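# Coordinate inspection notes
What follows is the residue order along each chain.
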Amino acid sequence: MLKPEFFIDLRSDTVTRPTDAMRQAMIDAPLGDDVYGEDPTVNALQEYTAGLLDKEAALFAPSGTQSNLLALFAHCERGDEYIVGDSAHTFRYEGGGAAILGSIPPQTVPMALDGTLALEAIEAAIKPDDFHFARSRLICLENTHAGEPLPLGYAEAVAGLG
């Protein structure tokens, strides 16, 4: 059995505790102002991540809420909607940020205990191309729900809709 300090708890980014080596790395990390691009640690992380994912650039977002909002803003325009599970984090626990800050209302569908949304429910929630409706622009899935990852192949099945 793994020692508790090495246990990775996927329920939240706030419940996994750093190891002593991780704490030491934080103490030893060089500092700078990331707003001005002067934090060498953040710069190195962004460069490493961009290279790892074969992307031109990467952006460090220190919280899941901020990351989720950035993703929604990158994929949707004001007046678009996103389809999301009725128990999903972006809908229930982020203060309505997508709707309030981005004018991106959620269209909820029932969410199963394993984090999946019935494919038929997703298809039924997609609005017709009609100016009377918000444009269904994005299907938002949680990569884990209640600490469990989505079933293998599920995201691909969702991507294949339409």
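Scroll up to find the structure.
Computed from a predicted model, the values in this text were never measured in an experiment.

### A closer look at the side chain of E142
Structurally, E142 can be placed in the loop between β3 (135-140) and β4 (144-145). The side chain of E142 is buried and forms no salt bridge, while R92, the nearest opposite charge, is found at 9.4 Å. Polar contacts involving the side chain of E142 include one to the main-chain amide nitrogen of H89, which spans 2.3 Å. When residues no more than four places from it in sequence are discounted, the contact partners of E142 are A88, H89, T90, M111 and L150.

### Considering the pattern of salt bridges
Applying the stated rule across the entire model yields two salt bridges. The salt bridge partner of R135 is D80, with a shortest N-O separation of 3.0 Å. Within this pair, whereas R135 is found in strand β3, its partner D80 is found in strand β1 (residues 80-85), the two being separated by 55 residues in sequence. On the accessibility criterion, R135 (41% relative accessible area) is partly exposed. The buried category is assigned to D80, whose relative accessible area is 5%. Taking the shortest distance from any N to any O, the salt bridge between E81 and K127 comes out at 3.1 Å. Linking E81 in strand β1 with K127 in the loop between α6 (119-125) and β3, this pair joins segments that are 46 residues apart in sequence. For K127, a relative accessible area of 23% corresponds to the partly exposed category.

### Thoughts on unusual backbone geometry
Residue D54 is not a glycine yet carries a positive backbone phi of 55°. Tracing the backbone shows D54 in the loop between α2 (40-52) and α3 (64-75). Accessibility expressed as a relative area gives 69% for D54, which makes it exposed. Non-glycine residue S103 carries a positive phi angle of around 55°. Secondary-structure assignment places S103 in the loop between α5 (97-102) and β2 (106-109).

### A look at the nonpolar core
Within the largest apolar cluster, 20 residues are counted, with the highest numbers of intra-cluster contacts made by L72, Y82, A98, I104, L117, I122 and Y154. With three residues, the top contributor of residues to this core is β1. Discounting chain neighbours no more than four positions away, the residues touching L117 are V84, G85, V109, P110, M111, I122, C140, L141 and Y154.

### Considering the sheet that holds β1
Within the open sheet, the three strands sit side by side as β2-β1-β3. Their pairing is parallel. The sheet is open, and its two edges are formed by β2 and β3, each paired on a single side. This sheet shows a mean twist of 30° between the axes of neighbouring strands, independent of strand direction. Direction of pairing for β1 relative to β2: parallel, over a ladder of four bridges. From the neighbouring strand, G85 faces β2, where its bridge partner is V109.

What counts as what
Residues numbered from 1 in each chain as written. Predicted model: local features only at pLDDT ≥ 70, side-chain atom pairs only at ≥ 80, totals over all residues. Heavy atoms only, no water. Helix = DSSP H or I, 4+ residues; strand = E, 2+ residues; numbered from the N terminus. Buried < 20%, exposed > 50% of the residue type's maximum accessible area, 1.4 Å probe, protein only. Lys, Arg positive; Asp, Glu negative; His and termini not counted. Salt bridge = Lys/Arg side-chain N within 4 Å of Asp/Glu carboxyl O. Polar contact = N/O pair within 3.5 Å; in protein donor to acceptor, adjacent residues only side chain to side chain. Contact = heavy atoms within 4.5 Å. Core = buried A, V, L, I, M, F, W, Y, C linked by side-chain atoms within 4.5 Å. Pairing = 2+ DSSP bridges. Axes fitted to C-alpha atoms, helices over the stretch in contact; angles between N-to-C directions.

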